[in-house]
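A look at the structure
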Amino acid sequence: MSRTDAPRAATVRVPAKVNLALRVGPPDPDSGYHPLATVFHAVDLCDEVTVRRARSTSLQVTGPFREGVPADPTNLAWRAAELLRENYARTCGVRRPSPVAITLEKNIPVAGGMAGGSADAAGVLLAANELWGEELTPLDLQDVAAELGADVPFGLMGGNALGLGRGDELSTVLSQGELHWVFCVATAGLRTPDVYRELDRQLGWDGPPTPETSAARTAAPEPPQELLQALRTGDPHEIARHLENDLQAPALALQPGLQATLDAGREVGAVTGLVSGSGPTVALLCESREHAIDVSVGMAALRPEIQVFTATGPAPGARVVDTRH
Ligand code: C5P
């Protein structure tokens, strides 16, 4: 597309995620980041991101989960727009494109372990690239995404993916069929760095390495092979046996009430449950769409104070749904 017929506005839909496995290794002594072996699974609960040409960058937040979302330059979505503008100038050798007015429709719970903030940043990258004439390739966008945060590249990719490194070195995972979920949203969120810090405290990774621990402290976690096999069968009971999350214990330590949500999920017949990412959202795996509706009705009756919703995966990554000229 030439720059003259580029649109004035673009809207992108971008999915939430749950980690089907999240293996965490000891933090890198320099960056403090933890090496991961994780399996991301995108679900069809999406934020909608619209960008329009404007005189200066701005951000407006709407939708059911808008409360508490900063509408200022600290928001990752705002940083995504600024970083992409700089990359256009550097990579394409063009003048910095016009700023954008961003609107986020927040349907993904905030600070819930479902990568909603990262999804919005991924959405801004794809939408602004559309607006500015698609000068950057999908690979360029992935590089910019990785600079913004560990979960942002997966927001662009979607589906099921193995994530290594910080979670940003992605490869596609083969799977069969769909998985049906009930998500239970806690009233208070958890900050991802706090959950990693609690993991470090629990595992003694917060002090300087000793001769005994230094070998273990250089080890990157192994990919979860049995889960990858199970995903090829598509059988939720087989998959349930291999779901795992190293951040579940620290999330439960910081919010002990989550155990009652996991217990309630089993009581109402979910196949299994786990904390989503760094929490505190709890994901309950179900056998089918109908079963997920039954489980959500059961949860609403047993724990009326908790907000529940159903979702299905794998869902596609960020995609343009509307452009206006
Ligand atoms: O990359 P992102 O901004 O999502 O990470 C938020 C925080 O979570 C980081 O600042 C870091 O404290 C922690 N984190 C980590 N190791 C990872 C991913 C995140 O320690 N692989």
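Attention in this report is confined to the structure presented alongside it. Residue positions within a chain follow its written sequence, with the count starting from 1. Per-residue local features are limited, in this predicted model, to residues with pLDDT of at least 70; the limit for side-chain atom pairs, both in listing and counting, is 80 or more; totals at the level of whole chains, interfaces and linings are taken over all residues. Hydrogens and water are ignored here; the side-chain numbers use all heavy atoms of the structure.

**With respect to the packing of helix α1 (residues 76–92) against helix α2 (residues 116–131)**
Note the cut-off: Angles run from 0 to 180 degrees between N-to-C directions of axes, and those axes are lines fitted to C-alpha atoms, restricted for helices to the stretch in contact. Secondary structure elements are taken from DSSP: a helix is a run of H or I of four residues or more, a strand is a run of E of two residues or more, and numbering for both begins at the N terminus. Should the near helix be turned anticlockwise from the far one by less than a right angle, the crossing is termed left-handed; should it be turned clockwise, right-handed. Two residues form a contact once any of their heavy atoms are found within 4.5 Å. Each residue is assigned to one class: nonpolar for Ala, Val, Leu, Ile, Met, Phe, Trp, Tyr, Cys and Pro, charged for Asp, Glu, Lys and Arg, and polar for all the others, Gly among them.
Between α1 and α2, the shortest axis-to-axis distance is 8 Å and the interhelical angle comes to 35 degrees. Pair α1 / α2 crosses with right-handed handedness. Taking contact as the criterion, the partners of L76, A77, A80, A81, L84 and Y88 in α1 are, on α2, G117, S118, D120, A121, V124, L125, A128 and N129. Of the residues contributing to the contact of α1 with α2, the split by class is ten nonpolar, three polar and one charged.

**What about the site of the ligand?**
Going by this rule: Nearness is judged by heavy atoms alone; a residue qualifies as near a molecule or strand once a single heavy atom is within 4 Å of it. In the analysis that follows, any N or O atom pair within 3.5 Å is treated as a polar contact, provided that within protein one partner can donate a hydrogen and the other can accept it, and provided that, for residues neighboring in sequence, both atoms belong to side chains. Think of a 1 Å grid over just the protein atoms. A cavity is a set of points where a 1.4 Å probe fits yet cannot get out, a pocket is an open set with protein on both sides within 12 Å along at least five of seven lines, and lining residues have an atom within 4 Å of a point. The rule for placing a molecule in a cavity or pocket is simple: more than half of its atoms must lie within 2 Å of the grid points.
In the vicinity of the ligand, the contacting residues are G32, Y33, H34, L36, G149, A150, R166, T192, P193 and Y196. One nitrogen or oxygen atom from the main chain of A150 is found 2.9 Å from an oxygen atom belonging to the ligand. A distance of 3.4 Å separates a nitrogen atom of the ligand from a polar atom in the backbone of R166. When atoms are counted within 2 Å of each cavity's grid points, the one that captures over half of the ligand is the largest pocket.

**Points about unusual backbone geometry**
Which entries qualify depends on this criterion: A 1.4 Å probe rolled over the protein chains alone gives each residue an accessible area, and that area as a share of the maximum for its type sets the label: buried under 20%, exposed over 50%, partly exposed in between.
Following G279, the chain continues to P280 via a peptide bond in cis, the omega torsion being 5 degrees. Within the secondary structure layout, P280 lies in the loop between β9 (272–275) and β10 (282–286). Here the bond from G313 into P314 is cis, since omega is 0 degrees, no more than 30 degrees from zero. Looking at the element boundaries, P314 is found in the loop between β11 (307–313) and β12 (319–324). One non-glycine residue, A111, adopts positive backbone phi at about 50 degrees. For A111, a relative accessible area of 40% gives the class partly exposed. Phi is positive for E134, close to 50 degrees, though the residue is something other than glycine.

**So, helix α11 (residues 289–302)**
We count it as follows: By this rule the span expected of a helix is its residue count minus one, scaled by 1.5 Å.
An ideal rise of 1.5 Å per residue puts 20 Å on 14 residues; α11 measures up with 20 Å between its terminal C-alpha atoms. Buried residues in α11 make contact with β7 (179–185), α10 (258–267), β10 and β11.

**Thoughts on the sheet that holds β7**
Applicable threshold: For two strands to pair, DSSP has to find at least two bridges joining them.
As summarised here, the arrangement of the four strands in space is β9-β10-β7-β11, forming an open sheet in which the pairing is antiparallel. In this open sheet, the two strands that pair with only one neighbour each are β9 and β11. For this sheet, the mean inter-axis angle between neighbouring strands, taken without regard to orientation, is 25 degrees. Taken together, the five bridges between β7 and β10 define a ladder with antiparallel strand orientation. Paired with V182 across the strands is L284, a residue of β10. Together, β7, β9 and β10 form the strand contacts of α10, whose direction differs from that of β9 by roughly 160 degrees.

**Section: the environment of S56**
For S56, the location among the structural elements is in the loop between β2 (36–53) and β3 (58–62). Placed 77 residues apart in sequence, S56 and G133 show a C-alpha to C-alpha distance of 19 Å. Residues contacting S56, with those up to four places away along its chain left out, are P99 and V100.

**What to know about the layout of surface pockets**
Convention followed: Grid points are joined across faces, edges and corners, and a volume is the space filled by probe spheres set on the points.
Approximately 1200 Å³ is the volume found for the largest pocket. Per element, the largest residue contribution to the lining of the largest pocket is four residues, and it comes from α2. Within this model, the second largest pocket holds a volume of roughly 260 Å³. Lining the second largest pocket are 15 residues, with F65, V110, V185, A186 and T187 positioned closest to its centre.

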